[in-house]
Amino acid sequence: MEAKKSNSGLIVLIVVLVILILGLGGFIGYSLLNGNLTFDNNNNNSSNENNNNENNQQEEIEISNEEINTYLSYVPFSYTNMYDDDDMSNGLDAYSGKTTNLDNINKEILWENAFDKVTNGGLVDDTKEINIKVKNEICGKDEYDEYKSCTPSDIISKVDMDTELKTMYNIENQSINSFNVAGGRATFYDTFYAVFYAAGSSNQEKVSVLDKYEIENDNLIIYEKAGFILEDFGNYIVYKFREDYNKNVVKKFEGTIDESDTREKEAKDYIKDNINDFATFKHTFKLNKETNKYYWYQTEVV
């Protein structure tokens, strides 16, 4: 009789333990599903901290004003009169008011801008032999021959041009036969560009202020407000875009040649004082991962 009671008590105890275990399991499952129960996971916390640190580093990237100005100098701006009365698109640079990028811009403008960089110390030293080549093999064979004599004013190394084209526009292993420069034309031959100055050149300027910049993934975005000035025999014309001088005139400062300095200052001051009335240009620069530097890719108006 006592053995039966003992067995019955053991059975009751087992049943109670099973109920407790089932109840505890249900409680844990419920808590996990409802977020009421947490576990200390040092590995996950460490991983999250690393991700946060990386994000913070991405947000804290800063570029100096000097670098920003250098990148802005890459934005294609033409100082030459390349506009064709029948096809205005022939000479449109990045400030035309239209979306302009490496795919649709006139390549001559890119070479013109690279040339401006190279001429700050990129002239070829041994010009005597090259001048002989130019006289014998180039003169009289170029469609723009009316702009030049048979002695080039400058000799530019193709290697130096290639370096700047790669830096500014990520262009490599390309060349063009000739391109405009302020006051003349550059013609390619062999390993150099022969530059001939004989044509007149109008004074064209950009007056701008930096609005802001930001970094998105591998892109540097610079926002620039800008107005433009064209000098015409002592008159200084302020305009909004470089698409068509007649359509985009904002204001004229008229005077004689002797008053040029005064009119020019008035035009510049007008743009600075009214910069918010001019367009904001969004310049996109892509990262060259080989050099960790940016090159110009696109400009649009926002």
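Residues numbered from 1 in each chain as written. Predicted model: local features only at pLDDT ≥ 70, side-chain atom pairs only at ≥ 80, totals over all residues. Heavy atoms only, no water.

Undergrad: Before we move on, could you go through helix H4 (residues 107-118) and cite the residues and values that matter?
TA: For an α-helix, the turn length of 3.6 residues means that residues three or four places apart are oriented alike. Helix length check: H4 (12 residues) gives 17 Å between terminal C-alpha atoms against 16 Å at 1.5 Å per residue, within 8%. With 9 of 12 residues buried, H4 is to be regarded as a mostly interior element. What H4 keeps buried is the set Glu108, Ile109, Leu110, Trp111, Glu112, Asn113, Ala114, Phe115 and Val118. Where H4 is buried, its residues touch strand S2 (154-157), helix H6 (158-169), strand S3 (178-181), strand S4 (184-189), strand S5 (192-197) and strand S11 (293-301). (Helix = DSSP H or I, 4+ residues; strand = E, 2+ residues; numbered from the N terminus. Expected span 1.5 Å × (residues − 1). Buried < 20%, exposed > 50% of the residue type's maximum accessible area, 1.4 Å probe, protein only. Contact = heavy atoms within 4.5 Å.)

Undergrad: I'd like to hear about the sheet that holds S2, residue by residue, with values.
TA: Taken together, the 4 strands give an open sheet; going across it, the order is S2-S5-S4-S3, and neighbouring strands pair in antiparallel fashion. Only two strands of the sheet have a single partner each, and these edge strands are S2 and S3. Averaged over all adjacent pairs, the angle separating strand axes in this sheet is 25°, with direction ignored. Judged from the 6 bridges that link them, S4 and S5 form a sheet pairing that is antiparallel. Bridge pairing links Ala186 to Val195 in S5. (Pairing = 2+ DSSP bridges. Axes fitted to C-alpha atoms, helices over the stretch in contact; angles between N-to-C directions.)

Undergrad: I'd like to hear about the layout of surface pockets, residue by residue, with values.
TA: Here the second largest pocket defines a volume of roughly 250 Å³. Around the second largest pocket, the lining residues are Asn69, Leu72, Ser73, Val75, Phe77, Tyr79, Tyr95, Asn113, Asp116, Lys117, Met168 and Lys206. Per element, the largest residue contribution to the lining of the second largest pocket is 3 residues, and it comes from H4. A per-class count over the lining of the second largest pocket returns 6 nonpolar, 3 polar and 3 charged. (1 Å grid on protein atoms, 1.4 Å probe; cavity = no way out; pocket = protein on both sides within 12 Å on 5 of 7 lines; lining within 4 Å. Points joined across faces, edges and corners; volume = space filled by probe spheres on them. Nonpolar A, V, L, I, M, F, W, Y, C, P; charged D, E, K, R; others polar.)

Undergrad: Tell me about the nonpolar core, and name the residues and values.
TA: Residues Leu110, Trp111, Met161, Tyr169, Phe179, Phe285 and Trp296 are the most contacted members of the largest nonpolar core, which totals 43 residues. Listing elements by their share of this core, those giving two or more residues are helix H3 (65-72), H4, H6, S3, S5, strand S7 (219-232), strand S10 (279-288) and S11. Per-element accounting of this core gives the leading share, 6 residues, to H4. If sequence neighbours within four positions are ignored, Trp111 has contacts with Met161, Leu165, Ile171, Gln174, Ser175, Ile176, Phe179 and Tyr193. Counting 9 residues, the second-largest nonpolar core is a separate cluster that includes Val207, Val238, Ile275 and Phe278. (Core = buried A, V, L, I, M, F, W, Y, C linked by side-chain atoms within 4.5 Å.)

Undergrad: Tell me about the side chain of Asn101, and name the residues and values.
TA: Within the secondary structure, Asn101 sits in strand S1 (residues 100-101). The exposure class of Asn101 is buried, given its relative accessible area of 10%. A polar contact of 2.9 Å, which involves the side chain of Asn101, links it to the backbone nitrogen of Asp103. (Polar contact = N/O pair within 3.5 Å; in protein donor to acceptor, adjacent residues only side chain to side chain.)

Undergrad: Please set out the environment of Asn203 residue by residue, giving values where relevant.
TA: Secondary-structure assignment places Asn203 in the loop between S5 and strand S6 (204-216). Residue classification places Asn203 among the partly exposed residues on the basis of a relative accessible area of 30%. Spatially, the C-alpha atoms of Asn203 and Tyr236 are 9.2 Å apart, while their sequence positions differ by 33 residues.

Undergrad: Help me get a handle on unusual backbone geometry, residues and values and all.
TA: Positioned with a positive phi, Asn217 is a non-glycine residue whose angle comes to about 55°. Here Asn217 falls in the exposed class, since its relative accessible area comes to 68%. Its identity is not glycine, yet Phe233 carries a phi of approximately 50°, on the positive side. As for its placement among the helices and strands, Phe233 is situated in the loop between S7 and strand S8 (235-239).

Undergrad: Describe in detail the pattern of salt bridges, supporting the description with residues and values.
TA: Summed over all chains, the structure comprises 12 salt bridges. In this structure, Lys293 engages Glu67 in a salt bridge whose closest nitrogen and oxygen atoms are separated by 3.7 Å. With Lys293 in strand S11 and Glu67 in helix H3, this pair connects stretches of sequence that are 226 residues apart. Judged by its relative accessible area of 42%, Lys293 falls in the partly exposed class. By relative accessible area, which is 30% here, Glu67 ends up partly exposed. (Salt bridge = Lys/Arg side-chain N within 4 Å of Asp/Glu carboxyl O.)

Undergrad: If you had to explain the packing of H4 against H6 to someone new, which residues and values would you point to?
TA: Direction vectors running N to C along H4 and H6 enclose 115°, while the axes themselves pass 9 Å from each other. One way to sum up the angle between H4 and H6 is to call them roughly perpendicular. Regarding H4 and H6, the two cross each other, and that crossing is right-handed. Along the contact surface, H4 presents Leu110, Trp111, Asn113, Ala114, Phe115, Lys117 and Val118, while H6 presents Asp160, Met161, Glu164, Leu165, Met168 and Tyr169. Of the residues belonging to the contact of H4 with H6, the class tally is 9 nonpolar, 1 polar and 3 charged. (Parallel < 35°, antiparallel > 145°, perpendicular 65-115°, else oblique. Left-handed = near helix turned anticlockwise from the far one by under 90°.)

Undergrad: Tell me about the confidence of the model for the chain, and please be specific about residues and values.
TA: Averaged over every residue, the pLDDT of the chain is 76; the share at 70 or more is 63%. Confidence drops under a pLDDT of 50 for residues 28-48, and excluding neighbours within four residues, the segment shows 7 contacts in the predicted structure. Segment residues 50-59 is flagged for pLDDT under 50; beyond a separation of four residues in sequence, or across chains, it makes 2 contacts in the model. (pLDDT = per-residue confidence, 0-100.)

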